[in-house]
Amino acid sequence: MKLFLFLVVFITAPFLMKAQTDDESWRNVYRASSTKINDLVHTKLDVKFDYDKQWLYGKEWITLHPHFYPTDSLSLDAKGMDIKEIAVVKGNSKSALPYQYDGMILKISLNKLYKAEENYTIYIDYISKPNDLKVKGSSAITNAKGLYFINPKGEDKNKPTQIWTQGETEANSVWFPTIDKPNQKTTEEIYMTVPDKYVTLSNGLLISQKKNTDGTRTDYWKMDLPHSPYLFFMGVGDYAIIKDSYKGKEVSYYVEKEYAPVARKIFGETPAMISFYEKITGIPYQWPKYSQITGRDFVSGAMENTSATLHTDVVQQNARQLTDGNKYEEYVSHELFHQWFGDLVTTESWSNITLNESFADYSESLWMEYRYGKDAADEHTEEHRQIYLNNPENAKKDLVRFYYNDKEDLFDNISYEKGGSILCMLRNYVGDSAFFKALNKYLTENKFKTAEAHQLRLAFEDVTGQDLNWFWNQWYYGSGHPQLKINYSYTNGMAYVITEQTQNTGKIFRLPVAIDVYNGANKKRYNVWIENKTDTFAFTATVKPTLINVDADKILLVDKTDKKSRENWIEQWKYAGNYLDRKEALNAFSKNKIKQLIEGLDDKFSGLRLYTLELYEEKKELITDESIIKFEKLADSDPSKKVKAKAIELLTSLKDKKYITLFTKSADDSSYSVSGAALAGLVMLDPANAYALAKKYSNDARGKLGTMVSQIFMIRGTEEDFELIANYYKREPSSDDKILMSTLFANYLTRVSDANKVRAAVDMIFTYRNTIPEGDKSYLDPVFKNAFSKLSKAKREEGNKELADYISGLMK
């Protein structure tokens, strides 16, 4: 599962912050792995869809056997269903069975006492009614009704009709009865009857298709390898299917038809990713195919259904968007690695979700290192460290948590970003060879099974020959992170490093760390252990070192106060070399007004050139004539579109009309980011030209350009521009820009006289407001109230009391 952000700020707490409960009783409830009384063996489904009622008509043949102890009963998760018939199947006959059903759990009395490994098959005829079920989602997965009908009647002409499912954590039991626990595994076959105009996707292989006389078609999908029920998937819709292959296996991309020409640019790295992941794990891709499909209104970012990943539709980007780089490539790599960590070997309980999500999180950096180089990977890893570190509440939670309020709460910055950072430290400690050999051992010994975190530890111990309980107890079964203060001194030919752990939790961390001691470009490495509240390390040095670099590989998950001098930071910039070495130095240059900040504009890595521009943006007093010359060069010719756009934004802040020519040229750039930044500059320097260009680009404007075009129209547009503005507003995804756009849209409506248009637009804004999580409305609602108040006042002054009352009444 890849989390999806609502606003940029929620990167620090994926994805939506949940309201806290005063009930603390959960702290005393140990969340054990689900007890196995019966084991799933095989699941056969035959389903049809009622688009008008948004129901699924299902028939199921579910084969099980007792896990160990004999049993004459079976409990299945079956949420919000109508149960029509339950029977035991014997050959071609079936016998009805008594059952009890409370709307959530289906308790069946079997026809006899079954012994361990003695298979039996239960037949269930049922109706799934997902919209009648009242269930809550989580911060990561915003709904849990399992089965989703998107625009089922085709009433929204701007949205396709689709069906998709989302099982994690335990929501697939909304659309088929099962033992909906991660420590169950079953093979699967499914017959899906759909309108013939649609295509389908499910786990495994499409075995056959049969056209029916009523205009429908029945597709038969089969998965012969066992996987957990939450990984079952169905997708239905009007998609283009773009096919690649890998070692004779189908690799396919299901996209809305307008994105068919660029599907390979969005997903086309997939075969190379499979090859890379096979290489580092030593385990061939196990499933019979790998497909990826997009879904409108998806409740998260992406989901690793076995052999059939579902992505949010926002991964669909056109060719111009992709010139900035595929910003959702991390979704592709993340979900693919789950096919090993999560699908092949699955967490046995939600408490151990780190075995799924931490690996998928770290896989993003592994892929980036392979594909784009170490700087790109280190940047990504550091961003994820900071996501975890920036929320103090994260330090209170263990990575493996046996006590929690709701299983959905585990899909957080600890299971994702902290867990990925821990794997980065583990790789550094044991070395690449041991790290990947241990992953191979873990996957080999547990494939098609479930596991807990100790099994990962045992694999690493077997490979390294070391007792690693200290690492697991500290990082997996413990909470928090070190806060480290680092001081330096030099006396009588000895250089000293003094580290102090300042966290007030009473916990002292044990940290293997590399320290590099420099004299100019020459360095010597020392490997030491920080393991006390205060540690002092002494190094013989005939002259005072020009730099001592603690955590020289920059892998520690730590809040650090590093007491380096100005000269030390300059030396670190010149010689240390790692991405984070350079970034730390740039931060010091900015904070201390050190002139070497300008050198960041020439860094080999575009991410640090961009970061340097952002530092100048934060502290414009550091801008000099020399830096402006470099801004101009970056804005004109940097190979990174993101760098070009940011440089244009900085030049815009100078308010110098000499840039009109550059901005006009850049407004025609293939990148929406560059074009949008240039248009923003023209708004300030040449508003009339900006409005004319907004008209020119309005037929193809997304991202930053789309935001600027819509804002220009909202500020300067006339009533004739209403349809264009309304369409931009509807198309803008939830973001900080949409909050601003809502206020501009409301202000624009003060100039619109058509009451029907105003009312429709106000409803549009209010509908968007209602999608904002409850926890965030407290600080965003005043924005909407103020905008509606001004609009209501304007309409009242025009004499339209009815419309004014309607507008003012929405926010009461």
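Let us look at the structure shown here.

1. Focus on the overall build of the protein
Regarding its fold elements, the protein presents 24 helices and 29 strands. The C-alpha atoms of the protein give a radius of gyration of 29 Å, which matches the 28 Å a tight globule of 812 residues would have. Principal-axis analysis of the C-alpha atoms gives the protein an extent of 85 × 80 × 55 Å. Looking at the 812 residues of the protein, the share that counts as buried comes to 57%. Accessible surface computed for the protein: about 33,400 Å², of which carbon and sulfur atoms make up 49%. Between the mean site of the 108 positive side-chain charges and the mean site of the 112 negative ones, the protein shows a separation of 1 Å.

2. Some details on the sheet that holds strand 24 (residues 494-501)
With mixed pairing, 4 strands are arranged side by side in an open sheet as 27-24-23-29. Since the sheet does not close on itself, it has two edges, and those belong to strand 27 (534-540) and strand 29 (559-562), each with one partner. Put simply, the sheet's adjacent strands are angled 20 degrees from each other on average, direction ignored. Pairing between strand 23 (residues 483-491) and strand 24: 8 bridges, direction antiparallel. Bridge pairing links Y488 to V497 in strand 24.

3. Things to note about unusual backbone geometry
Of note, the bond from E168 into T169 is cis; its omega dihedral lies within 30 degrees of zero at 10 degrees. Looking at where T169 falls in the secondary structure, it is placed in the loop between strand 10 (162-165) and strand 11 (186-195). Even without being a glycine, K655 presents a positive backbone phi close to 55 degrees. Within the secondary structure, K655 is located in the loop between helix 15 (641-653) and helix 16 (660-666). Overall, K655 belongs to the exposed group, its relative accessible area being 59%.

4. As for the pairing of strand 20 (residues 308-312)
When you tally the buried positions in strand 20, you get 5 out of 5 residues, the bulk of the element. In the sheet, strand 18 (residues 289-295) pairs with strand 20 via 5 bridges, with the strands oriented parallel. Each bridged residue has a counterpart across the sheet, and for G295 the counterpart in strand 20 is T312. When strand 19 (residues 302-303) meets strand 20, the two strands line up antiparallel, connected through 2 bridges.

5. Some details on empty space enclosed by the protein
Evaluation of the coordinates by the stated rule reveals 1 cavity of 30 Å³ or more. The calculated volume of the largest cavity comes to roughly 40 Å³. D361, Y362, S365, H380, T381, H384, G420 and S421 are the residues that line the largest cavity. Secondary-structure elements contributing two or more residues to the lining of the largest cavity are helix 5 (354-372), helix 6 (374-389) and helix 7 (414-430). In terms of residue class, the lining of the largest cavity is built from 1 nonpolar, 6 polar and 1 charged.

6. Considerations on the pairing of strand 1 (residues 38-50)
Bridging between strand 1 and strand 2 (residues 55-66) involves 12 bridges; their strand directions are antiparallel. Residue pairing for strand 2: L40 is matched across the bridge by L64. Taking the residues between adjacent antiparallel strands as the criterion, strand 1 and strand 2 are bridged by 4 residues, where Q54 takes a positive phi near 60 degrees. By the bridge criterion, 7 bridges tie strand 1 to strand 11 in an arrangement that is parallel. When the sheet's bridge partners are listed, D46 is paired in strand 11 with Y191.

7. Re the side chain of S627
When you line up the elements, S627 lands in helix 14 (residues 625-637). Accessibility expressed as a relative area gives 0% for S627, which makes it buried. At 2.8 Å, the side chain of S627 forms a polar contact with the backbone nitrogen of T624. Those residues within four positions of S627 in sequence are excluded, and the remaining contacts are I598, L601 and Y616.

8. A few points about helix 5
Between its terminal C-alpha atoms helix 5 stretches 26 Å, which fits the 27 Å expected from 19 residues at 1.5 Å a residue. The buried count for helix 5 comes to 15 of 19 residues, which makes it a mostly enclosed element.

9. Some remarks on the environment of S789
Within the element layout of this structure, S789 appears in helix 23 (residues 774-797). Accessibility expressed as a relative area gives 45% for S789, which makes it partly exposed. Residues S789 and K595, 194 residues apart in the sequence, show an inter-C-alpha distance of 49 Å.

10. Focus on the pattern of salt bridges
Applying the stated criterion to the full structure yields 54 salt bridges. The salt bridge partner of R427 is E369, with a shortest N-O separation of 3.1 Å. Linking R427 in helix 7 with E369 in helix 5, this pair joins segments that are 58 residues apart in sequence. Through salt bridges with shared partners, one network takes in D196, K211, R217 and D219.

11. Quick notes on the packing of aromatic side chains
Across all of its chains, the model carries 53 aromatic pairs by this definition. Taken together, a centroid distance of 5.5 Å and an interplanar angle of 25 degrees make the contact between Y253 and F267 stacked. Taken together, the residues Y253 in strand 17 (residues 249-256) and F267 in helix 1 (residues 263-267) connect sequence positions 14 residues apart. F267 shares its class with Y253; the two are buried. Between Y768 and F784, the aromatic rings sit 6.2 Å apart at their centres with planes inclined by 55 degrees, giving tilted as the arrangement. With Y768 in helix 22 (residues 755-771) and F784 in helix 23, this residue pair connects regions lying 16 residues apart in the sequence. Look at Y768 and you get buried, because its relative accessible area is 5%. Residue class for F784 comes out buried when judged on its relative accessible area of 2%. Over the ring of Y404 we find R31; its NZ or CZ atom is 5.0 Å from the centre of that ring.

12. Remarks on the packing of helix 21 (residues 736-749) against helix 22
Close contact between helix 21 and helix 22 brings their axes to 11 Å; oriented N to C, the two are set at 160 degrees. Considered as vectors, helix 21 and helix 22 are oriented roughly antiparallel to each other. Classified by chirality, the crossing of helix 22 by helix 21 is left-handed. Of the residues in helix 22, those in contact with K738, I739, S742, F745, A746 and L749 of helix 21 are V758, A761, V762, M764, I765 and Y768. Tallied by class, the residues present in the contact of helix 21 with helix 22 amount to 10 nonpolar, 1 polar and 1 charged.

Each value, and the rule that gives it
Residues numbered from 1 in each chain as written. Predicted model: local features only at pLDDT ≥ 70, side-chain atom pairs only at ≥ 80, totals over all residues. Heavy atoms only, no water. Helix = DSSP H or I, 4+ residues; strand = E, 2+ residues; numbered from the N terminus. Rg over C-alpha atoms; globule rule 2.2 N^0.38 Å. Buried < 20%, exposed > 50% of the residue type's maximum accessible area, 1.4 Å probe, protein only. Areas by Shrake-Rupley, 256 points an atom, 1.4 Å probe, with all protein chains shown as cover. Lys, Arg positive; Asp, Glu negative; His and termini not counted. Charge placed at Lys NZ, Arg CZ, Asp CG, Glu CD. Pairing = 2+ DSSP bridges. Axes fitted to C-alpha atoms, helices over the stretch in contact; angles between N-to-C directions. 1 Å grid on protein atoms, 1.4 Å probe; cavity = no way out; pocket = protein on both sides within 12 Å on 5 of 7 lines; lining within 4 Å. Points joined across faces, edges and corners; volume = space filled by probe spheres on them. Nonpolar A, V, L, I, M, F, W, Y, C, P; charged D, E, K, R; others polar. Polar contact = N/O pair within 3.5 Å; in protein donor to acceptor, adjacent residues only side chain to side chain. Contact = heavy atoms within 4.5 Å. Expected span 1.5 Å × (residues − 1). Salt bridge = Lys/Arg side-chain N within 4 Å of Asp/Glu carboxyl O. Phe/Tyr/Trp six-rings, centres within 6.5 Å; stacked < 30°, edge-to-face > 60°. Lys NZ or Arg CZ within 6 Å of the ring centre and 35° of its normal. Parallel < 35°, antiparallel > 145°, perpendicular 65-115°, else oblique. Left-handed = near helix turned anticlockwise from the far one by under 90°.

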